[in-house]
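This is what each chain is made of:
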Amino acid sequence: MGLFETWVLWLFVLPAVFIHADTLADGIHAECLDNRVQFTIQGSWSDEGSLGVYAVNDTQTVLLTPYLAAHCGYTQKFDPWGNTIVSASQQSCFTQNKGDQEFTVAMQFKLYEFPSFSEKVYDVSKSCPLKMMSREILCEANFMEVSVRNAIPEKATALKQWPVVVSNLQLWKIILFTPEEKTFDEEDLLRMGYNLHSSPTRLVMRSPYNMAENYMQKVADVDMIVFKSLVLYRDLWMMTIVESSAACPINGAAVVGQLISWHVPWHITPLVSSGVEIFEVHLGVNGRRLSPAEMASRNYTMTFTESHIVVEIPIGAPDGYYKSHVQTECYHISYTIEHMIEILWKEGLDNTTYKVLFPITTPLTPWMPQMIDNTQAKLKMFDVLLGYYLPDVQLWNITFGSELLSVSEVIHKGFILQEHSFPNGTRAFSLQVSFFDPNVQKNLQTDVTTYTLSLIFEFVIMPERRSFLHSVVLEASLRDIVLPKVGGKCEQERFRIYVEYDSASHSNLKITLGERELTDGILQQYTHHQNDSHLTFDIPLMSPDVIFESVQLAGIIGRLDVKIQDSLNDWKFKDFSLTCPFFEPLLECFSNGTMTVVLPKLESVPDLNPRELSLRDPACKPFYSDDHVAYFHFALSDCGTSRKFVGDTIKYENEVTLKRDEPLQKIYESLAQHQKEYRIMVSCIYTANATRSAVFQSVSPSNAPNVDVGMGELTVQLRLSQDMVYRLFYHDEDYPVLKFLNQPLYFEVGMAHSRDSRMAVILENCWATLHEERNSNPRWDLIVDGCANPKDPEQTTIRRVMPDDRVHFPDHFKRFEVKTFAFPDDRSFDGDQDATLARRVFVHCDVAICHIEGAADGHCFKPCTAPLIPSAGDSKRVRRRSDYTEDEPQHVSIGPILLM
């Protein structure tokens, strides 16, 4: 079995499962691993932006750079799934130490989101108990650390033993063996990049691997970096020496067949003497110890020779992971697993824990992608599968011949591109391309066509963004004779026509659109694309080649007739017709008192000349016209437009007719005695605040146009003025508006866009509520039947409207002033809980539109002269709504207004 095939069997590796881990925040986990604390940030964060990692203590928050990490006892790494893993020694620079028994590591993670450039900050911490031995040695990936129980007596104890000589022991100097002996003071040592700090019972020293004062020593044929030091404390009469040394292996691993073999010396001679007693050895991965049962289930073995501990782990074991690489522009893979050996020994009365975390990565191995050609020529579609890649590989773009397309562009162009995931953790990509794509090359030989497609796939390895290419050439032969075919589809405001043909005979084809042959000159007027196998062109809706069948409620029904002939052989193929509905409004009614009408020439009226159409006023000709369409744009007060009231609506009506000069008219009548006068009614119907419908009504023969509906608006607004002169008004985005309780409020109701001087606004009832719903309680009446509330007439004042540069028709507006809101006693609120707390006020009005000329009895301008408190005999004081010709009034509301 080859190497590639063996590794495929192991590609079921999944991210490590976090045992006894705390979830500190969304996507952040933390766990205690003996003398280390490990934080894991889920890879989904990398999809949102950039991650910053900071070390934290009571006084500082510092960005964790590679230098600071090695100096202070942190490591940071990434796995193929994008997870960020940050580990910290429990005795790091920023750890909070409680009596050398409980340690708290705090971190801060900042997520910088793109493209908004916003920032999310997560502060997390993890507290872990730790019972330490006399000496703790830790070999991490980027530093080595030793923690030693110091021999310095506490001052109180020392005073009892040496009451005369003891005052205060202080750190004097540090001796480093390189292996020559060199002496440094504490400041020099820290400046060099080492870390030294102490607690009441411990001395901790830490060294990055690349320090010049460290030296290399071979121990049982394994190279080890050694950091050896003595720390001297002294007083006037006394000196204490603390030995602090560490030694860490930098090799000893090898790949033997499908096994990773790792040799670790039994006796670390730079640290121990020959009389050491080893009483425990543990194997682990990713910083966690493994039980014998777990080792057996994973096929891990640990054996002992006279000089080494030998660990063997199969390549592809589930505690490791595969990683993609690019080398010499080709795709390679490697396998990585982080071993851990923990040795406990006793020397004299002192116990030592020696822990080595040793990531091992196999040499890069070429992995040739596999290409599976699933093309079936009879389907005229290339179908290729390219794989198999690790999960950290993404498809970036594809080059089709000379055209480079990103993945999104490939999909947008209609190619079928799919990603496939497999149970063993790999992925593959499939692509389908039609034989008729412009990038497909064709070679014709008699009746056999050979199709060739050249593809270049570009892949990117994440998160490094290293790219590599894979080229594919697909070829298929098909014995075919292609007969011309025509098809099409409806698109917005156009017809899209496809013509497919044999490349050898397409020069003989004759294409006719409607009644015109599609010459090169006509084709250049349209958007088109043509090659040896097909022609695609777009015909706009208003092209002279389009035939209009009818006008319906939703728009126009258009048809394009296409004929194909072989001019050389005089072959006639099946004709093609494409009928499309176009949802284009033919009539529009506008709130400024104008109407537009579009009348295309219909197939049912073949002799119609749109230029001869006019409105009731013969002088009102089309604003624009040609042989195919007439376009009218006119004011509702011009061109003979009539108007009438129907219920609560206002109907404006005109008609489009065909008028000819008298001699021509007689000629037409003699030729077409059976035809009646051509006449189309057009109407706009308005209500008080919105156009309900706009109607075309044709009274011409049954084969004439029939257009039904257009839309427009006649709006009524309620607005709050910023002052008493009604010049500046509050807008929707200004609400809620803050006002003082006794401050006057100035309101205006009006038709801002109407130009009809024969209309007037009737303000019937206005009231205020605490809630946005107009029918909610409690309610305070402001205007009743068009007059100030008779129960409190001093509260509301009807203000006169005068014409100015904004108000052209004063009858189109009503204004009133509310001097104050006098809130009743809380008991009148019927238990409304908001009444004692809220001062949010909403104002509502019932508004109607009055026809001045039709109001002979003057009800559009009724006076308000009735007594303040009406009696039973005053029912005729104010004209009721039953006297009006309008239907139910329109309703307008405004708010909230906050009253202080």
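Preceding this paragraph is the structure being described.
This report concerns the structure included in the present document. (Residues numbered from 1 in each chain as written. Predicted model: local features only at pLDDT ≥ 70, side-chain atom pairs only at ≥ 80, totals over all residues. Heavy atoms only, no water.)

## Let's talk about the environment of Met 462
- Inspection of the secondary structure puts Met 462 in the loop between β37 (448-461) and β38 (466-479).
- For Met 462, the residues in contact, after removing those within four places along its chain, are Lys 323, Asp 392 and Gln 394. (Helix = DSSP H or I, 4+ residues; strand = E, 2+ residues; numbered from the N terminus. Contact = heavy atoms within 4.5 Å.)

## So, the sheet that holds strand β52 (residues 624-625)
- Spatially, the 4 strands line up as an open sheet ordered β49-β50-β53-β52, and their pairing is antiparallel. At either end of the open sheet lies a strand with only one pairing partner, and these are β49 (587-589) and β52.
- Pairing geometry for strand β50 (residues 594-600) and strand β53 (residues 629-635), over 7 bridges, is antiparallel. Note on β53: the bridge partner recorded for Thr 596 is His 633. (Pairing = 2+ DSSP bridges.)

## Remarks on the pattern of salt bridges
- Here the structure, examined in full by the defined rule, presents 32 salt bridges.
- Across the pair Lys 218 and Asp 223 runs a salt bridge, and its minimum N-O distance is 2.8 Å.
- Ionic pairing is found between Arg 616 and Glu 655, a salt bridge with its closest N-O pair at 4.0 Å. On the criterion of sequence distance, the pair formed by Arg 616 in the loop between β51 (613-614) and β52 and Glu 655 in strand β55 (residues 649-658) is long-range, its members being 39 residues apart.
- Of the residues examined, Glu 655 reaches a relative accessible area of 16% and is grouped as buried.
- What you see here is one network of salt bridges that share partners, running through Lys 489, Glu 491, Arg 494, Arg 496 and Asp 538. (Salt bridge = Lys/Arg side-chain N within 4 Å of Asp/Glu carboxyl O. Buried < 20%, exposed > 50% of the residue type's maximum accessible area, 1.4 Å probe, protein only.)

## Re unusual backbone geometry
- Of the consecutive residues Thr 178 and Pro 179, the connecting peptide bond is found in the cis state with omega at 0 degrees.
- Within the fold, Pro 179 resides in the loop between β13 (170-177) and β14 (181-184).
- With an omega of 0 degrees, the peptide bond between Gly 895 and Pro 896 qualifies as cis.
- We note that Asn 286 has phi near 55 degrees; this positive angle belongs to a residue other than glycine.
- Turning to its location among the elements, Asn 286 is positioned in the loop between β22 (277-285) and β23 (288-289).
- Asn 286 sits in the buried class, given a relative accessible area of 15%.
- Located in the positive-phi region is Asp 785, a residue other than glycine, with phi close to 50 degrees.
- Along the chain, Asp 785 falls in the loop between β62 (779-784) and β63 (787-788).

## Concerning the state of the cysteines
- A complete count under the given rule lists 7 disulfides for this structure.
- Paired through a disulfide, Cys 139 and Cys 248 show a sulfur-sulfur distance of 2.0 Å. Across the disulfide from Cys 139 to Cys 248, rotation about the S-S bond amounts to roughly -85 degrees, and the bridge is consequently left-handed. Here Cys 139 is found in strand β11 (residues 135-139), whereas its partner Cys 248 is found in strand β19 (residues 239-249), with 109 residues between them in sequence. You'll find Cys 139 and Cys 248 in the same group, each marked buried.
- Paired by a disulfide, Cys 589 and Cys 684 hold their sulfur atoms 1.8 Å apart. (Disulfide = S-S within 2.5 Å.)

## Describing the packing of aromatic side chains
- Tallying each qualifying case throughout the model produces 26 aromatic pairs.
- Look at Trp 266 and Phe 304: their rings are 5.1 Å apart centre to centre, the planes differ by 40 degrees, and that puts the pair in the tilted class. Of the two residues, Trp 266 sits in the loop between β21 (259-265) and β22 while Phe 304 sits in strand β24 (residues 301-304), which places them 38 residues apart along the sequence.
- The class for Phe 304 is partly exposed, based on a relative accessible area of 42%.
- Pairing Phe 457 with Phe 459 gives two aromatic rings, centres 6.3 Å apart and planes at 15 degrees, and the pair type is stacked. The pair formed by Phe 457 and Phe 459 is uniform in burial state, with each residue classed as buried.
- Joined through ring pairs, the aromatic side chains of Tyr 331, Trp 367, Tyr 389, Phe 429, Phe 457, Phe 459 and Phe 468 make up one cluster.
- Over the face of the ring belonging to Phe 729 we find Arg 719, whose NZ or CZ atom lies 3.9 Å from the ring centre.
- Positioned above the aromatic ring of Trp 767, the side-chain terminus of Arg 779 is 4.1 Å from the ring centre. (Phe/Tyr/Trp six-rings, centres within 6.5 Å; stacked < 30°, edge-to-face > 60°. Lys NZ or Arg CZ within 6 Å of the ring centre and 35° of its normal.)

## Quick word on the sheet that holds strand β58 (residues 717-721)
- On the basis of which strands lie adjacent, the open sheet formed by 4 strands has the order β58-β60-β65-β64 and antiparallel pairing. Each edge of the sheet is formed by a strand with only one pairing partner; in this case those strands are β58 and β64 (796-799). Between one strand and the next, the sheet's axes are offset by a mean angle of 25 degrees, whatever the strand orientation.
- Where strand β60 (residues 745-750) meets strand β65 (residues 813-818), 6 bridges bridge the pair, whose relative direction is antiparallel. (Axes fitted to C-alpha atoms, helices over the stretch in contact; angles between N-to-C directions.)

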